[in-house]
Every structure is written in C-alpha cells, then in structure tokens.
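Here is what each chain is made of, one letter per residue.
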Amino acid sequence: MTTNNQKFDVVISGAGPSGSKCAEILAKNGFKVALIEKDSTWRKPCGGGVSSRIFKYFPQLRKLHPHRIKSIGMYSADYENLSFSWESMRDDSIVIDRLELDDFTRNVAVDAGAELFDKHVSYDFIIKEGKRVGIKTKTQQKIEEFYGKILIIADGMSSKLAAKSGLRKKWEINELGLAKCAIMEGETFLDKKCIHVFFRPYKGYGWIFPLSEKKFNIGCGTFEEANRKYNLNTIYEEFIRDPHIKHLLPEKPYKELWSASFPLPARGVKKNSLFGENIMLIGDTAGFVSPISGEGIHPSIVSGKVAAETAIAALEEENISKKQLKKYKTNSNISKIIRNFQLKRSMVEFFYENDGENLSIMLKLAKQNENFRDIVVNMFLFNAAPSKEFFSKIKDFKHK
Ligand SMILES: Cc1cc2nc3c(=O)[nH]c(=O)nc-3n(C[C@H](O)[C@H](O)[C@H](O)COP(=O)(O)OP(=O)(O)OC[C@H]3O[C@@H](n4cnc5c(N)ncnc54)[C@H](O)[C@@H]3O)c2cc1C
C-alpha cells in the first residue's frame, strides 16, 4: 500500500552529518524539508575524530562538552614516531561517539524545522513523465512517497539512489577503503588528550582515539588494491595485539562495547557526479572523504551546507535545472576540497612505496627539523599543500 503523498521543497535521503546539516540550513531559511533516515539508532562505524573546524558549523556542540584532543602521535610502518601538540591553539579537536554526534546534528535540523522521517528506507525515485519528482521509501508497514522540487542524496557509501540516479556507478572495490573499528573500555596507558595514527606497510592505517577516561575507539583498515590482499578481520586482530602498541594498551582484558566494519570512499570527490537536473549528491555518497587520512565528517558537513545554499538560490529563482545546480560544484569551498583531495591522492603511491618508506623518512625529518615538521603537521592536520621542498628533502634523505 502506498500512503503519504506529501510535497516538500527539498527531500533529503540520509540523516548523517551531511544530510542533517543540509536540512538544517534549508529549514532555517523557511523551506519545507523532508529528512529521511533508515534508522536513527544505527551507530555509523567511524573513529569519530573531528578537527576543531566542526565548531564553525556546529557552535552548539560545545555545550555537549565532547572529549577534547590536544595532540597526535603519528607512526610509520617501521614505528618511527612523531608527536605534535596544538595545546596553545584556540580550539581543540574532538573524538565523539557517532551515535551522539548524529543524534545531535539531526536534532539541530529538527529544531530548525526539518521534518525527520525515521525508520524509512529510501529505495527508488518517483518518476513522472520521465522526470524525477520524489523519493520512495519503505517502512515496516508500508511504502511512502515524498515529493520534492529538489532531491538531495546523503545516504552514504552504499547509496542505492546514487547509483539509480545515473550520476555515478556503484563504487568498485579498488575505489574504496574498508575499515573495522570498536569502542573498548578498560585501563590503558593512553594520554587521554592524544590520538594515535599508525600507517601500515601496505595501503592502510590503524588508529587509537580516546573517547573518555576509560573508553577508546580503535580500528584499522585498508584501501584500494590492499583491500583484496588483506583480510580485514585478520589485520584488525593483528593490530589490536601488536606488541608495538603495548606501551599504550597493555595486555589487559578490554571490554568490547561495540564493533563494526564499513567501507568508505578512498579516491576523493566524484566531481563529475555531484549534480544533475533537480538533484545533488553530498557527503560520502559523493566521495567527500580525504584520501590517506579517511577524514570525512568535516568535508561532508561542508558539502551539505553548500548544497543547501545552492538549493535555496535555485528555489528562489525558480530554476532547479542542472545548469543552475552546477553552482554547488563551482563553489569555492567545494573546489578547494576537490583540489586538496586530488593532491592527497597524488601522494598515496609516493607515501606507500617500498612498504611505506617515504612516510617513515617524513617522520624522521620532521623530528630533526622544525620547518619540515610544520609542513607535515599543516599537511596532515590542516590540509595545507606541501611545498616542492617537501618531496625533494625526502628524496635527498634516501640518496644520502
Ligand atoms: C570505519 C570508519 C572510520 C572513520 N573514521 C572517521 C574519523 O575518525 N573522522 C572522520 O572525519 N571521518 C571518518 N570516517 C568517515 C566518516 O564516517 C564519513 O565521511 C561521514 O560519516 C560521512 O557523513 P555522511 O552524512 O555523508 O554519511 P553517513 O554518516 O554514512 O550517513 C548516512 C546516513 O544515511 C542513512 N541511510 C543509509 N541508507 C539509507 C536509505 N536507503 N534510506 C534512508 N537513510 C539511509 C544512514 O543510516 C546514515 O544515517 C570513517 C569512516 C569509516 C567507515
């Protein structure tokens, strides 16, 4: 049975950080928004590490007092280690449980006036006279139809609608990262204000992110061709038992509170798949995850904000054409993210050649030289482009 033929200005599929941010801005500006969510009790598998930039988009988050992070330890495959603290900077990064973050961002959208339809699975478009005019959803009881002038697809990595839109194909395995993570509880030697990232000798990395005094998020994953070569469960088990991390996690029984695996886009934004006639793809659905680091929360939120602003202009001008929605892609913040991700991608092969040798040299040089360290820190933490000197110094070190 089909019910609910409600009409909206914008229908958004997926209430993760990108969809919720998008819904919030549209609703705040007086537009009627449907925010469709499969299951708001689902915890998105994620490290939950977010830089301080999130406070610009969600200043209200400060009131939740999320767990603050003031330093990072970076390790190469041969366990060369660089520590960096940003204690003196104004805002800290945070680590947050995704159940808490997603609940928070959804509530902000609902408070702004968006209508949340929880336990609704989007599965297809409503097509009338050859045009996409809405989204069909299933609940346990029925099929519902949500009509919208503009449709925004924010339902993540495995989006069926993205593939059905014709804007992009399903991701290939070598375009993805595959990661497993857990929330653990117990006594550790972790500095509770420090996150740790471990690059592997293959395309992959592991992390330990403290969540509170006794809880931490731990995980690891592979990307691109390493997905086929390594079994995720095996490398996860090896990582959590790795003798090199015993100074952080002694061999004590840890209680696993939750664990899960999930894919993520590994090759940056699909820039030719961002928009079409009355439709935009945002967040993970469109590839807004940084290659190498896997940071996707902040760029996804930015994409949600810019898509909302593009939709507002289109609705006000009564022009929802593909040409009009191109403004989403050409927006300066989106272009900056695309360029930044392209640069990171171009560095993947360099970093991981010879079992991650260049990453190891990078950390050695950063320990020896303050200027070089600043380049590394700015690149990994603040998305700055490295200078030519960065590459030449690493190459010179090898040829010494
Ligand atoms: C293991 C792992 C670790 C990560 N660690 C980090 C990290 O530490 N820091 C960081 O910045 N990024 C990290 N990322 C990336 C980050 O999780 C994503 O980039 C971010 O969640 C993207 O937000 P989003 O709103 O686009 O999509 P999602 O967060 O995936 O949200 C999609 C939403 O759509 C809903 N949905 C799905 N299908 C449907 C459907 N058919 N109908 C209706 N609703 C649907 C889902 O329930 C979900 O709420 C990690 C990713 C993985 C897999």
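Residues numbered from 1 in each chain as written. Predicted model: local features only at pLDDT ≥ 70, side-chain atom pairs only at ≥ 80, totals over all residues.

### A closer look at the overall build of the protein
When helices and strands are tallied, the protein shows 11 helices and 18 strands. Expressed along its principal axes, the backbone C-alpha trace of the protein runs to roughly 65 × 45 × 40 Å. Expressed as a percentage of its 400 residues, the buried residues of the protein come to 45%. A fraction of 71% describes how many contacts in the protein between residues 6 or more apart in sequence connect residues 24 or more apart. (Helix = DSSP H or I, 4+ residues; strand = E, 2+ residues; numbered from the N terminus. Buried ≥ 20, exposed ≤ 12 C-beta atoms within 10 Å, placed from the backbone. Contact = placed C-beta atoms within 7 Å.)

### Some remarks on the sheet that holds strand β7 (residues 93-95)
Taken in spatial order, the three strands make up an open sheet running β3-β7-β4, and their pairing is antiparallel. Each edge of the sheet is formed by a strand with only one pairing partner; in this case those strands are β3 (49-50) and β4 (67-69). (Pairing = 2+ DSSP bridges.)

### Focus on the environment of P265
For P265, the location among the structural elements is in strand β16 (residues 255-265). Counting along the chain gives 93 residues from P265 to E172, while the straight-line C-alpha distance between them is 9.8 Å. Those residues within four positions of P265 in sequence are excluded, and the remaining contacts are M157, W171, E175, L176, D284, G287 and V289.

### Observations concerning the site of the ligand
In the region of the ligand, 38 residues are neighbours, and G14, G16, G47, G283 and G296 sit closest. Going through the elements one at a time, α1 (17-28), β3, β9 (121-128), β12 (176-185), β16 and α7 (297-316) are the ones with two or more residues in the shell around the ligand. Two domains each put at least three residues into the shell around the ligand: domain 1 (2-43 + 98-172 + 267-340) and domain 2 (49-97 + 173-265). (Near = placed C-beta within 6 Å. Domains from an automatic or database assignment.)

### A look at the domain arrangement of the protein
Here the protein is partitioned into domain 1 (2-43 + 98-172 + 267-340), domain 2 (49-97 + 173-265) and domain 3 (347-399). Each of domain 2 and domain 3 has a C-alpha centre, and the two are 21 Å apart. Opposite the 13 residues of domain 2 that make contact, domain 3 presents 12 residues. The biggest single contributor to the side of domain 2 that touches domain 3 is strand β6 (residues 81-85), with three residues.

### Let's talk about the pairing of strand β15 (residues 215-223)
For β15, a buried count of nine out of nine residues is recorded, marking the element as mostly surrounded by other parts of the structure. Residues K215, N217, G219, G221 and F223 of β15 are buried on one face, and the alternating residues F216, I218, C220 and T222, pointing to the opposite face, are buried as well. Of the pairings in the sheet, the one linking β12 to β15 comprises nine bridges and is antiparallel in character. Each residue of the ladder has a partner; that of K180, found in β15, is C220. With antiparallel pairing between neighbouring strands as the criterion, strand β14 (residues 204-210) and β15 make up a hairpin whose turn holds four residues.

### Re α7
Taking 1.5 Å of rise per residue, 20 residues should cover 28 Å, and α7 covers 29 Å from first to last C-alpha, within 8% of that figure. Looking one or two residues beyond α7, the residue adopting positive phi is E318, at roughly 50 degrees. (Expected span 1.5 Å × (residues − 1).)

### Details of the packing of α1 against α7
As a packed pair, α1 and α7 sit with axes 7 Å apart at the nearest point and diverge in direction by 30 degrees. Here α1 and α7 pass one another in a crossing that is right-handed. Along its contact with α1, which presents P17, S18, G19, K21, C22, I25 and L26, the element α7 presents I297, S300, I301, S303, G304, K305, A307, A308, E309, A311 and I312. Among the residues forming the contact of α1 with α7, the class breakdown is 10 nonpolar, five polar and three charged. (Axes fitted to C-alpha atoms, helices over the stretch in contact; angles between N-to-C directions. Left-handed = near helix turned anticlockwise from the far one by under 90°. Nonpolar A, V, L, I, M, F, W, Y, C, P; charged D, E, K, R; others polar.)

### Focus on the nonpolar core
Within the largest apolar cluster, 98 residues are counted, with the highest numbers of intra-cluster contacts made by V10, I12, C22, L26, V33, I152 and M280. If near-sequence neighbours (up to four positions away) are discounted, L26 is found in contact with V10, F31, V33, A308, A311 and I312. (Core = buried A, V, L, I, M, F, W, Y, C linked by C-beta atoms within 7 Å.)

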